[in-house]
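# Architecture at a glance
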Amino acid sequence: MFDTLSDRLTSVLQNLRGKGRLTDADIDATAREIRIALLEADVALPVVRTFIAKIKERAKGAEVSGALNPAQQVIKIVNEELVAILGGETRRLNLAKTPPTVIMLAGLQGAGKTTLAGKLARWLKGQGHAPMLVACDLQRPNAVTQLQVVAERAGVAVYAPEPGNGVGDPVKVARDSLDEARRAQHDVVIVDTAGRLGVDEELMRQASDIRAAVSPEEVLFVVDAMIGQDAVTTAEAFRDGVGFTGVVLTKLDGDARGGAALSVREVTGMPIMFASNGEKLEDFDAFHPDRMASRILG
Ligand code: GDP
């Protein structure tokens, strides 16, 4: 997804190599090129502005150190600031002191929530947890069946409303699932919720009600990295309407520009915790800001 951005930044920084000293004009010119590369990759404007201001300030104030030549110093600064924008440290899942830990998924329809539920469950199972998926998307036809299929593939339990029992009331399903988790000793409960094609009030209210009913340790906002600048506006709408504790970027295997998704952390202040890069359950991992920055800077 970040090949073009990566190529652009690498070539901008390449131009600095071989220079013995960098003048302020060199730094300004480099900053301008980086700015264009970021904007063309769809990184949100306020994020670009802050980023560029920091690069300039730090590059101009940098002491010439023995170990690094000026070009290497700028590359180091760009790398560090990119890691910072992506969230700095990898943020681990918060686990409940008394199980079950509840993880709620929220996001637009098609963002990849149901797929993510399976991926996350498989990943947690690999770490020794006994997760259970909960089907609270009662809007979309087939959503419950889809979650059951995903659970079977991941080899984990699923809690879904029996036909005629709780159908249409996702809050009740979420609440009841906690009793089932305690009974069957599942230490993590992953609640899949309904998404709409666009942000709407009813969706927000339902997600807020589920959140209030089950007090999740984590609410993960799931966002398709392919949707460009809408990733930022949707994130803001979910932050204000439901609130979330972390972000999951999906479809990083796509060929869109992706910079908008990379802006979500800086715009909402919430960490990117996981990344999905394919349709298979194993196409998934914790999000590491330093690794992503290295990938982007080539
Ligand atoms: P939901 O409506 O949010 O539950 O979204 P789904 O989990 O049903 O996913 C919507 C579509 O996106 C499905 O066709 C998934 O196979 C696909 N999908 C989900 N995650 C990824 C991903 O990381 N990469 C790709 N290429 N496709 C994905």
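Refer to the structure printed above.
So, a few notes on the structure that sits alongside this text. (Residues numbered from 1 in each chain as written. Predicted model: local features only at pLDDT ≥ 70, side-chain atom pairs only at ≥ 80, totals over all residues. Heavy atoms only, no water.)

## Description of the packing of helix 1 (residues 3-14) against helix 2 (residues 24-40)
Put simply, helix 1 and helix 2 touch, their axes get as near as 9 Å, and they point 175 degrees apart. On the basis of the axis angle, helix 1 is roughly antiparallel to helix 2. Facing Leu5, Arg8, Leu9, Val12 and Leu13 of helix 1, the residues of helix 2 in contact are Thr30, Glu33, Ile34, Ile36, Ala37, Leu38 and Glu40. (Axes fitted to C-alpha atoms, helices over the stretch in contact; angles between N-to-C directions. Helix = DSSP H or I, 4+ residues; strand = E, 2+ residues; numbered from the N terminus. Parallel < 35°, antiparallel > 145°, perpendicular 65-115°, else oblique. Contact = heavy atoms within 4.5 Å.)

## Here's the deal with the environment of Pro131
Relative to the assigned elements, Pro131 resides in strand 2 (residues 131-136). Residue Pro131 is classed as buried on the basis of its relative accessible area of 4%. Residues Pro131 and Ile190, spaced 59 residues apart in sequence, show a C-alpha to C-alpha distance of 7.2 Å. (Buried < 20%, exposed > 50% of the residue type's maximum accessible area, 1.4 Å probe, protein only.)

## Things to note about unusual backbone geometry
Excluding glycine, residues mostly carry a negative phi; peptide bonds, for their part, are mostly trans. Here Pro99 and Pro100 are connected by a cis peptide whose omega angle stands at 5 degrees. Positive phi values are uncommon outside glycine, yet Asp42 reaches one of about 85 degrees. Exposure remark for Asp42: the relative accessible area of 14% places this residue in the buried category. Of note in this structure, Gln185 is not a glycine but carries a positive phi near 55 degrees. Of note, Gln185 is situated in the loop between helix 7 (170-184) and strand 4 (188-193). On the basis of relative accessibility, which here comes to 67%, the residue Gln185 falls in the exposed class.

## A look at the pattern of salt bridges
Here the idea is simple: oppositely charged side chains can pair when their charged atoms come close. Summed over the entire model, instances satisfying the criterion amount to 16 salt bridges. Residue Lys60 pairs with Asp28 through a salt bridge whose shortest N-O separation is 2.8 Å. Of this pair, Lys60 sits in helix 3 (residues 45-61) while Asp28 is found in helix 2, placing the two residues 32 residues apart along the sequence. One salt bridge connects Arg239 with Asp240, and the closest N-O pair in it is separated by 3.0 Å. Of the residues examined, Arg239 reaches a relative accessible area of 30% and is grouped as partly exposed. (Salt bridge = Lys/Arg side-chain N within 4 Å of Asp/Glu carboxyl O.)

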